[in-house]
Structure formats: C-alpha cells, structure tokens
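Each chain is listed here by its residues.
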Amino acid sequence: MDHALSQIIRTKDRHGSHLLDDWLAWASRSRLPSFVELARKIRLLMRMAFGFKNTDALIALALLALGGYRPDLPGRQAA
C-alpha cells in the first residue's frame, strides 16, 4: 500500500482524488490501527483544505500535521 500512497501524491488530476478515496476506504476497513487512524487524520485534513484551489494545500497540511514538516510560507523567511 506504500506504493499506492506515493502514486496518489504524484497524481495531480481528478484521478488522484479517486485514488485517495479508494485508499482511504481500504485503510478504514483494514482494521490496522495505524492505517485507520491515518485515514481519519487525512479525512480531517481534507475537510480543513476544502475550498483551496489545488491539492498542494492538502499535501502541505498533511506534511505539517502528520510528519512535523514545516514548509516555508510564501513571503516569509525560513526559520
């Protein structure tokens, strides 16, 4: 399933959205606690990113919330 996630991240069109929905459904049904929790967090992030114009906002939120990654904000100096 790791390969599926990397494919989702690389896919930038509507197909990527469908792939993500499929993966989230699989993860929720998997009964693997870490995947179930990850699916919940990604769904929450998707609701938070609703209305943004592209998927880059969702990816940035996911990196920030899930991995502790802090991308540079436009117009601001890196810490």
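Not measured: the values here are computed from a predicted model.

Conventions and cut-offs
Residues numbered from 1 in each chain as written. Predicted model: local features only at pLDDT ≥ 70, side-chain atom pairs only at ≥ 80, totals over all residues. Heavy atoms only, no water. Helix = DSSP H or I, 4+ residues; strand = E, 2+ residues; numbered from the N terminus. Buried < 20%, exposed > 50% of the residue type's maximum accessible area, 1.4 Å probe, protein only. Contact = heavy atoms within 4.5 Å. Axes fitted to C-alpha atoms, helices over the stretch in contact; angles between N-to-C directions. Parallel < 35°, antiparallel > 145°, perpendicular 65-115°, else oblique. Left-handed = near helix turned anticlockwise from the far one by under 90°. Nonpolar A, V, L, I, M, F, W, Y, C, P; charged D, E, K, R; others polar. Salt bridge = Lys/Arg side-chain N within 4 Å of Asp/Glu carboxyl O. Core = buried A, V, L, I, M, F, W, Y, C linked by side-chain atoms within 4.5 Å.

Engineer: How should the overall build of the protein be read in this particular structure?
Structural biologist: Along its length, the protein carries four helices and zero strands. Listing every helix and strand of the protein by position from the N terminus yields α-α-α-α. Out of the 79 residues belonging to the protein, those deemed buried represent 20%. Taking the contacts inside the protein whose residues are at least 6 apart along the sequence as the reference set, 19% of them involve residues at least 24 apart.

Engineer: What exactly am I supposed to notice about the packing of helix α2 (residues 14-29) against helix α3 (residues 33-48) here?
Structural biologist: In a packed pair of helices, the relevant descriptors are the angle between the two axes and the axis-to-axis distance. Contact geometry for α2 and α3: axes closest at 8 Å, N-to-C directions at 140 degrees. When the interaxial angle is binned, α2 and α3 end up oblique. As α2 runs across α3, the sense of the crossing is left-handed. In this structure, α2 contributes L20, D21, W23, L24, A25, W26, A27 and S28 to the contact, and α3 contributes F35, V36, L38, A39, I42, R43 and M46. Taken together, the residues of the contact of α2 with α3 sort by class into twelve nonpolar, one polar and two charged.

Engineer: Before we go on, may I ask you to explain the pattern of salt bridges in this structure?
Structural biologist: Between side chains of opposite charge, a pair can form as their charged atoms come close. According to the stated counting rule, one finds one salt bridge in the structure shown. In this structure, E37 and R40 form a salt bridge, with 3.7 Å as the shortest nitrogen-oxygen distance. Taken together, the residues span about one helical turn, with E37 and R40 both in helix α3 at a distance of three residues. R40 gets classed as exposed once you look at its relative accessible area, which sits at 53%.

Engineer: How do you make sense of the environment of I9 when you look at a structure like this?
Structural biologist: In this fold, I9 is placed in helix α1 (residues 2-10). Counting along the chain gives eleven residues from I9 to L20, while the straight-line C-alpha distance between them is 8.8 Å.

Engineer: Is there a simple way to think about the nonpolar core in this case?
Structural biologist: Burial of nonpolar side chains together is a common tendency in soluble globular proteins. By size, the foremost hydrophobic cluster in this structure holds twelve residues: I8, L19, L20, W23, L24, A27, A39, I42, L45, A49, L58 and A62. Residue assignment for this core shows that the elements contributing at least two residues are α2, α3 and α4 (55-67). Element by element, the count of residues in this core is highest for α2, at five residues. For L45, the contacting residues outside a window of four places in its chain are L58, L61, A62, A65 and L66.

So, to be careful, I would describe these as geometric facts and stop short of saying anything about function.
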